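# A look at the structure
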Amino acid sequence: TIRSSRCRFAARLNSGVRTHMEDIRTMTGAEMFARRDATETEVATLIGQLVFSYSRLVSALHYCVAWHNDGANLDAYGKSAEGYSSADLINKIASQAQTHFGSGSLAFKKYASWAKRAHSAREFRNVVMHSRWGIEPYGRHAIAVSTPPFAEPQRERIVTSSKLQAACETCTALATELGEL
């Protein structure tokens, strides 16, 4: 019955077998729907965590740009800050580092490496926030579609829970590293 199938599937999820259930041919319809629901909940939770992690990174970007030159222009920063995108802030930080340390210095190279990783995190965040989302029919991963409906070809990206978790950790690490540079 459907009820017993759901109970069996819930037991499998709770026993840690979920990640090893790749033989989808043996799944019942109820198991498939339960797996999709569980994956959707997990992905949605991680997207929420990414929103907070990325927000902390953006705050760190603003603090870094605002306190350049020991905060000499701090009073004026609030007026100009509203127009800065995350990309603008990352580029501004790299530019400030180049001016302050010189383009050949080790310190600037560390900032440049950091900026490259920060842009990569920003680009992934943009995909996450500006895509239409679905769950693969068997619940193995999420699919982010970054093109409008009816646009061809569709740009789809498979997004796993581990990729989202890594993105959260990357944003946190980038914010911490910026404070240490």
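### A few points about the overall build of the protein chain
When helices and strands are counted, the protein chain shows six helices and three strands. Secondary structure elements in the protein chain, listed N-terminal to C-terminal, are α-α-α-α-α-β-β-β-α. For the protein chain, the proportion of its 181 residues judged to be buried stands at 35%. The long-range fraction of contacts in the protein chain, counting pairs at least 24 apart against all pairs at least 6 apart in sequence, stands at 60%. Summed over its atoms, the accessible surface of the protein chain is roughly 11,000 Å², and 55% of this surface lies on carbon and sulfur atoms.

### Re the sheet that holds strand β3 (residues 156-159)
Ordered in space as β1-β2-β3, the three strands form an open sheet in which the pairing is antiparallel. Edge positions in the open sheet fall to β1 (132-135) and β3, since each of these has one partner strand only. Between one strand and the next, the sheet's axes are offset by a mean angle of 25°, whatever the strand orientation. Note: strand β2 (residues 142-145) against β3, four bridges, orientation antiparallel.

### Re the state of the cysteines
What the rule picks out here adds up to zero disulfides. Not engaged in a disulfide, the cysteine C168 finds its nearest cysteine sulfur in C171; these two sulfurs lie 7.0 Å apart.

### A word on the packing of helix α5 (residues 106-129) against helix α6 (residues 161-180)
At their nearest, the axes of α5 and α6 sit 10 Å apart, and the two run at 145° to each other. The element α5 and its partner α6 pack so that their crossing is left-handed. Touching Y111, W114, R117, A118, A121, F124 and V128 of α5 are K163, L164, A167, T170, C171, L174, E177 and L178, all from α6.

### Comments concerning the pairing of β1
Sheet analysis places β1 next to β2, joined by four bridges and oriented antiparallel. Note that in β2 the partner of I135 across the bridge is A142. Hairpin connection from β1 to β2: six residues lie between these consecutive antiparallel strands, with G139 at a positive phi of about 75°.

### Describing the confidence of the model for the protein chain
When pLDDT is averaged along the protein chain, the result is 84, and 86% of the positions lie at 70 or above. Across residues 5-21, where pLDDT falls below 50, the model places 23 contacts with residues more than four positions away in sequence or in other chains.

### Some words on the environment of A94
Within the secondary structure layout, A94 lies in helix α4 (residues 86-101). On the accessibility criterion, A94 (18% relative accessible area) is buried. Along the sequence, A94 and V65 sit 29 residues apart, while their C-alpha atoms lie 9.9 Å from each other. Residue contacts for A94: discarding those within four places in its chain leaves F108 and A115.

### Examining α6
Taking 1.5 Å of rise per residue, the 20 residues of α6 would be expected to cover 28 Å, and the 29 Å separating its terminal C-alpha atoms lies within 8% of that figure. Every buried residue of α6 is listed here: S161, L164, A167, C168, C171, L174, A175 and L178. Mapping the buried residues of α6 onto a view down its axis gives an arc of 160°, with all of them on the same face. Turned more than 90 degrees away from the buried face of α6, the exposed residues are S162 and E180.

Calculation notes
Residues numbered from 1 in each chain as written. Predicted model: local features only at pLDDT ≥ 70, side-chain atom pairs only at ≥ 80, totals over all residues. Heavy atoms only, no water. Helix = DSSP H or I, 4+ residues; strand = E, 2+ residues; numbered from the N terminus. Buried < 20%, exposed > 50% of the residue type's maximum accessible area, 1.4 Å probe, protein only. Contact = heavy atoms within 4.5 Å. Areas by Shrake-Rupley, 256 points an atom, 1.4 Å probe, with all protein chains shown as cover. Pairing = 2+ DSSP bridges. Axes fitted to C-alpha atoms, helices over the stretch in contact; angles between N-to-C directions. Disulfide = S-S within 2.5 Å. Left-handed = near helix turned anticlockwise from the far one by under 90°. pLDDT = per-residue confidence, 0-100. Expected span 1.5 Å × (residues − 1). Arc of directions from axis to C-beta.

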